[in-house]
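Listed below, chain by chain, are the residues.
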Amino acid sequence: MNKRQIQARLIEKGSNFRQFALAHGYEPRTVTQAVQRWAGASTLPNGRLTFSILRDLSLAIGAEVLPGILAGMDARELPHSSMTGKT
């Protein structure tokens, strides 16, 4: 998924990168840097902060930003109905 696709999914949810960052306790610049660097990549990041940002972003938009980013998550951790409405 590229940066524009991620941005479009956030807009569909009534959000943007800045609002997502602030709502999840991240610095907005850190979120945009992580997306800029990793969007469209085929490997997972090694850094915990970047991995957390991309995992939370995937959960927020309802799609994996990177292939396999949600693979290790328990079904109880994956939101079902919360991804359909605005927050």
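What comes next is a walk through the structure. Predicted model only: the values in this text are computed from it and were never measured.

Thresholds applied
Residues numbered from 1 in each chain as written. Predicted model: local features only at pLDDT ≥ 70, side-chain atom pairs only at ≥ 80, totals over all residues. Heavy atoms only, no water. Helix = DSSP H or I, 4+ residues; strand = E, 2+ residues; numbered from the N terminus. Buried < 20%, exposed > 50% of the residue type's maximum accessible area, 1.4 Å probe, protein only. Contact = heavy atoms within 4.5 Å. Areas by Shrake-Rupley, 256 points an atom, 1.4 Å probe, with all protein chains shown as cover. Salt bridge = Lys/Arg side-chain N within 4 Å of Asp/Glu carboxyl O. Arc of directions from axis to C-beta. Polar contact = N/O pair within 3.5 Å; in protein donor to acceptor, adjacent residues only side chain to side chain.

Looking now at the overall build of the chain. Counting secondary structure elements, the chain contains four helices and zero strands. Counted from the first residue to the last, the chain has its helices and strands arranged as α-α-α-α. Counting every position in the chain, which comprises 87 residues, the buried fraction comes to 33%. Considering only intrachain contacts with a sequence separation of at least 6, the fraction spanning at least 24 residues in the chain is 44%. Total accessible area on the chain stands at roughly 5,500 Å², and carbon and sulfur atoms take up 49% of it.

Counted under the stated rule, the structure contains one salt bridge. Among the salt bridges present, the one from aspartate 56 reaches arginine 55, with a minimum N-O distance of 3.4 Å. What makes aspartate 56 buried here is its relative accessible area of 16%.

All right, on to the environment of methionine 1 then. Within the secondary structure, methionine 1 sits in the segment before α1 (3-12). Since its relative accessible area comes to 26%, methionine 1 is described here as partly exposed. Separated by 40 residues in the primary sequence, methionine 1 and alanine 41 have C-alpha atoms spaced 8.2 Å apart. Residues in contact with methionine 1, not counting those within four places in the same chain, are Ile6, Arg9, Ala39, Gly40, Ile61, Ala63, Glu64 and Val65.

Moving on, we come to helix α3 (residues 28-38). Among all positions of α3, only Pro28, Val31, Ala34, Val35 and Trp38 are buried. Along the axis of α3, the buried positions cluster into a sector of 130 degrees, meaning they face one direction only. Turned more than 90 degrees away from the buried face of α3 sit Arg29, Gln36 and Arg37, all of them exposed. A positive phi of about 90 degrees marks glycine 40, the residue just after α3.

Now for the side chain of serine 58. Examined against the element boundaries, serine 58 turns out to sit in helix α4 (residues 48-61). One polar contact links the side chain of serine 58 to the main-chain carbonyl oxygen of leucine 54, over a distance of 2.9 Å. A polar contact of 2.9 Å, which involves the side chain of serine 58, links it to the backbone nitrogen of valine 65. Residues within four places of serine 58 in sequence aside, it is in contact with Ala63, Glu64, Val65, Ile69 and Leu70.

Purely spatial values, then, with no claim about function.
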